[in-house]
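This is what each chain is made of:
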Amino acid sequence: LLTLCCWLALWALLRFSERPTARWAGLCGLCCGLASSAHYKGFLLVLVLALVIVMDPRRRDHRFGLLTGLGGLAWLGTFFCINFPIVPEAATAAAGVLFEARHALRGHGFPVGPGQGVLLFHLRQSLPDGLSTPLAVAGLIGVAGLFASWRHLGFDLRLLGIFFLVFQIGIEVTPLKA
């Protein structure tokens, strides 16, 4: 569900970048709110969107800023509509967020050796035996090629590269591996 909502958010963001309208800003915010509600890692979309906004030459345009704000409100509105119980129980929600933050920083309590990690744990450990390392290497070569040709890429491929970096590195740099 998280992956679906993230990809829908990226699709809406691509459409918003092509034609900045309230419709696409709202849809992007809605999808981001769904992703954030599906799993806390969905909040990593904040980094993706921030990078995209900083890279967009229209960021200084007043209308663009208003539409971006509308998308942010749609995001928060969707998140709080789905997760309304956290509003009256803010202390319980804050305790849960702190628990998850400690968990993400310290891991599960069992060691993950350096040979299993080094930014490849999920790429290598989530594929069938015998295919994990070759497919992980092929994926990394593809991403390296993407960034090597960055100046010649369209916005859509740049967005996918940013998404990969934020989600891959954001998840892999924590001890939380499973």
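Above this note sits the structure.
Residues numbered from 1 in each chain as written. Predicted model: local features only at pLDDT ≥ 70, side-chain atom pairs only at ≥ 80, totals over all residues. Heavy atoms only, no water.

## Structural notes on the packing of helix 3 (residues 45-55) against helix 4 (residues 62-82)
Alright, step 1. Closest axis-to-axis distance for the helix 3/helix 4 pair is 13 Å, and the angle between their directions is 175°. Judged by the angle between their axes, helix 3 and helix 4 are roughly antiparallel. Here Leu45, Val46, Leu49 and Ile53 of helix 3 lie close against helix 4, whose contacting residues are Phe64, Thr68 and Trp75.
Alright, step 2. Residue composition of the contact of helix 3 with helix 4, by class: 6 nonpolar, 1 polar and no charged. (Axes fitted to C-alpha atoms, helices over the stretch in contact; angles between N-to-C directions. Helix = DSSP H or I, 4+ residues; strand = E, 2+ residues; numbered from the N terminus. Parallel < 35°, antiparallel > 145°, perpendicular 65-115°, else oblique. Contact = heavy atoms within 4.5 Å. Nonpolar A, V, L, I, M, F, W, Y, C, P; charged D, E, K, R; others polar.)

## A closer look at the packing of aromatic side chains
Alright, step 1. Under the counting rule described, the total for this entry stands at 7 aromatic pairs.
Alright, step 2. Consider the rings of Trp7 and Phe163, whose centres lie 5.2 Å apart with planes at 50°: the pair is tilted. Here Phe163 lies in helix 8 (residues 155-172) and Trp7 lies in helix 1 (residues 2-18), a separation of 156 residues in the sequence.
Alright, step 3. Trp7 gets classed as partly exposed once you look at its relative accessible area, which sits at 40%.
Alright, step 4. Ring geometry for Phe43 and Trp75: centres 6.5 Å apart, planes at 20°, overall stacked. Separated by 32 residues along the polypeptide, Phe43 in the loop between helix 2 (22-38) and helix 3 and Trp75 in helix 4 bring together distant segments of the chain.
Alright, step 5. For Trp75, a relative accessible area of 8% corresponds to the buried category.
Alright, step 6. Every member of this aromatic cluster is reached through a ring pair, and the members are Phe43, Trp75, Phe79 and Phe80. (Phe/Tyr/Trp six-rings, centres within 6.5 Å; stacked < 30°, edge-to-face > 60°. Buried < 20%, exposed > 50% of the residue type's maximum accessible area, 1.4 Å probe, protein only.)

## Structural notes on the side chain of Thr78
Alright, step 1. You can see Thr78 is positioned in helix 4.
Alright, step 2. Residue contacts for Thr78: discarding those within four places in its chain leaves Gly29, Leu30, Gly33, Leu34 and Ser37.

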